[in-house]
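# Fold and contact review
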Amino acid sequence: MDYPDIQLLSGNPEAFQKAWKACGEIPVDDVWTAPAGWTPPRFGRTIRQEAQVSGPATYSRGKTRSLRFLPSTASDGDGWLFRRTDLPEQLPVAATLGNVAQADRAIVLRAGSDVNRVRMSEHIICHRFGLGLDNLVVELSSEDPPLFDDGSWPIVEALQRAGVVEDISRPLRYLAPKKPVALMRPSLDGFLMWMPAEAGERKLSMDVAIDFPTAIGRERIQLDLCEEAFCHGAIARTNCSASEMRLARSIGMLFARYRNLGYTRKNILLADKDHYVNEPKLRLPSGKALEAVWHRTCLDLVAALSLLPPGTRPAGKIVSYKSGHVLDVRFLTMLLIHDSLVEVC
């Protein structure tokens, strides 16, 4: 990859050049381009009718949780709103960067009272840009959403069955940076970079690479963010190392951040140092599995982008190398703070 002239928001320029080179040296495993003639919509969209999904709780073993998706109306305003039906005196939690309470192991959204939160929200909000549903209301009866054995695929199926309605009273604004801008991951060589859109181009392209010290190793995909590409990767589960799973099942029981994880061998991808503990999804004909990088792209990075202001969508090109939730949220927040995004005309 050619080295771009960038605005580096944080990090050492020499370290960034080294990381940029390392990212470019990872072979591209898979490429998904948008269908011929496809263009991103100009107006906001919501679902035509109600949809609902249920599944095992993410943080509470042995319990079932449900999500109810409702069409957004003018009174709801633009964007995605979470309504906690068990907290009738709390306002809805808007899925925006300003409501991110935590982003280490997962993106936790919160508004008002500390109890008015939604944990692991990324597996839900990723469908805003993944399926192109700009305005939606999500009802849930606890902070603990379901965790499925096939990534977010049950949500995809439910929302697709609900159908799509376009609202010409809600025009969309497409945002991209004024010049290439990047942010490095502290103490590591990971980074995120966002490049401007070409004149009049509203499409978002993504180049995502990971490099894990486990059997997952190095994986890299390139895609245009469209429904077809997102649906391909939506079945990808979150992943952790076998040692993390052992920790969660042993002394981790003493700590809140591990104690209630509802991880099983079905709903996450487990990788040891030199082999997979369970069977990965999304294998290429060569046998190489790309489940981890597709999850990183569709259910993590697209989710973070989906926290951009209501009524907007991203355009241009984003390059992600060894990034994660914390860097995703910090990068997008800094872009807004520095007024680095402009509307694509």
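Each value, and the rule that gives it
Residues numbered from 1 in each chain as written. Predicted model: local features only at pLDDT ≥ 70, side-chain atom pairs only at ≥ 80, totals over all residues. Heavy atoms only, no water. Buried < 20%, exposed > 50% of the residue type's maximum accessible area, 1.4 Å probe, protein only. Helix = DSSP H or I, 4+ residues; strand = E, 2+ residues; numbered from the N terminus. Pairing = 2+ DSSP bridges. Axes fitted to C-alpha atoms, helices over the stretch in contact; angles between N-to-C directions. Parallel < 35°, antiparallel > 145°, perpendicular 65-115°, else oblique. Left-handed = near helix turned anticlockwise from the far one by under 90°. Contact = heavy atoms within 4.5 Å. Nonpolar A, V, L, I, M, F, W, Y, C, P; charged D, E, K, R; others polar. pLDDT = per-residue confidence, 0-100. Salt bridge = Lys/Arg side-chain N within 4 Å of Asp/Glu carboxyl O. Core = buried A, V, L, I, M, F, W, Y, C linked by side-chain atoms within 4.5 Å. Expected span 1.5 Å × (residues − 1). Bend = angle between axes of the 7 residues up to and from the residue. Phe/Tyr/Trp six-rings, centres within 6.5 Å; stacked < 30°, edge-to-face > 60°.

## Concerning the pairing of strand β19 (residues 268–271)
The alternating pattern of β19 places I268 and L270 on one face and L269 and A271 on the opposite face, and all of these are buried. Strand direction decides the pairing type here: strand β18 (residues 238–241) and β19, joined by 4 bridges, are parallel. By the bridge assignment, N239 is partnered in β19 with L269.

## Some words on the packing of helix α8 (residues 291–305) against helix α9 (residues 325–337)
Closest axis-to-axis distance for the α8/α9 pair is 9 Å, and the angle between their directions is 30°. Classified by the interaxial angle, the pair formed by α8 and α9 is roughly parallel. Seen along the crossing, α8 lies across α9 with a hand that is right-handed. Of α9, the residues touching α8 (which contributes R296, D300, L301, A304 and L305) are H325, D328 and L332. Of the residues contributing to the contact of α8 with α9, the split by class is 4 nonpolar, 1 polar and 3 charged.

## As for the confidence of the model for the protein
Chain-level statistics for the protein give a pLDDT mean of 92 and a share of 93% at 70 or above. Taken together, the stretch residues 252–256 has pLDDT below 50 and engages in 8 contacts with residues farther than four places along the chain or on a different chain.

## Observations regarding the pattern of salt bridges
According to the stated counting rule, one finds 20 salt bridges in the structure shown. The salt bridge involving R83 is made with D76; its shortest N-O contact spans 2.9 Å. Residue classification places R83 among the partly exposed positions, given a relative accessible area of 30%. D76 gets classed as buried once you look at its relative accessible area, which sits at 17%. One connected set of salt bridges, linked through shared partners, spans E50, R68 and E139.

## So, the nonpolar core
Core analysis: the largest hydrophobic core is formed by 81 residues, its most contacted members being F69, W80, F82, L159, W194, M206 and W294. Excluding residues that lie within four positions of it along the chain, F82 makes contacts with P92, V93, A95, L109, V118, I124, I125, V138 and L140. W20, A22, F191 and V319 belong to the second-largest nonpolar core, a separate cluster that totals 15 residues.

## Thoughts on the sheet that holds strand β20 (residues 312–314)
Spatial strand order, β20-β13-β22: 3 strands in an open sheet with mixed pairing. Every other strand in the sheet has two partners, leaving β20 and β22 (341–343) as the edge strands with one partner each. Sheet twist, expressed as the average angle between the axes of neighbouring strands with direction ignored, equals 40°.

## What about the environment of P13?
Within the element layout of this structure, P13 appears in helix α1 (residues 13–24). Residues P13 and S66 lie 53 residues apart in sequence; the distance between their C-alpha atoms is 46 Å.

## Some details on the environment of L223
Note that L223 resides in strand β17 (residues 218–224). With residues near it in sequence (within four places) discarded, L223 still touches W32, L204, S205, M206, A229, W294 and T297.

## Re α9
Relative to the 18 Å expected for 13 residues at 1.5 Å per residue, α9 spans 18 Å between its end C-alpha atoms, a close match to the ideal helical length. The secondary structure elements touched by the buried residues of α9 are β8 (100–102), α2 (122–125), β14 (181–184), β15 (191–195), α8 and β22. One or two residues past the end of α9 sits D339, with phi positive at roughly 55°.

## A short note on α8
Its 15 residues place the ends of α8 20 Å apart at the C-alpha level, agreeing with the 21 Å of an ideal helix rising 1.5 Å per residue. Along its length, α8 shows its largest kink, about 25°, at T297. With 15 of 15 residues buried, α8 is to be regarded as a mostly interior element.

## Brief notes about the sheet that holds strand β5 (residues 64–71)
Ordered by their spatial adjacency, 5 strands build an open sheet running β4-β5-β11-β6-β7, and the pairing between neighbours is mixed. Each of the sheet's edge strands pairs with one partner strand only, and the pair in question is β4 (51–56) and β7 (93–94). Relative to β7, strand β6 (residues 80–84) is paired through 2 bridges, and the arrangement is antiparallel. Its bridge partner being in β7, F82 is matched across the sheet by V93. Seen against the sheet, helix α4 (residues 153–162) touches β4, β5 and β11 (136–140) and runs at an angle of roughly 165° to β4.

## Quick look at the side chain of T297
Along the polypeptide, T297 turns up in helix α8. Ignoring anything within four residues of it in the chain, the contact list for T297 reads M206, V208, I221, L223 and V302.

## Quick look at the packing of aromatic side chains
Evaluated as defined, the whole model comprises 5 aromatic pairs. Plain terms: the ring middles of W32 and W294 are 6.1 Å apart, the flat faces sit at 90° to each other, and that makes the pair edge-to-face. Taken together, the positions of W32 in strand β2 (residues 30–32) and W294 in helix α8 put the pair 262 residues apart, joining distant regions of the chain. Residue class for W32 comes out partly exposed when judged on its relative accessible area of 26%. Classification of W294 by relative accessible area gives buried; the value is 0%.

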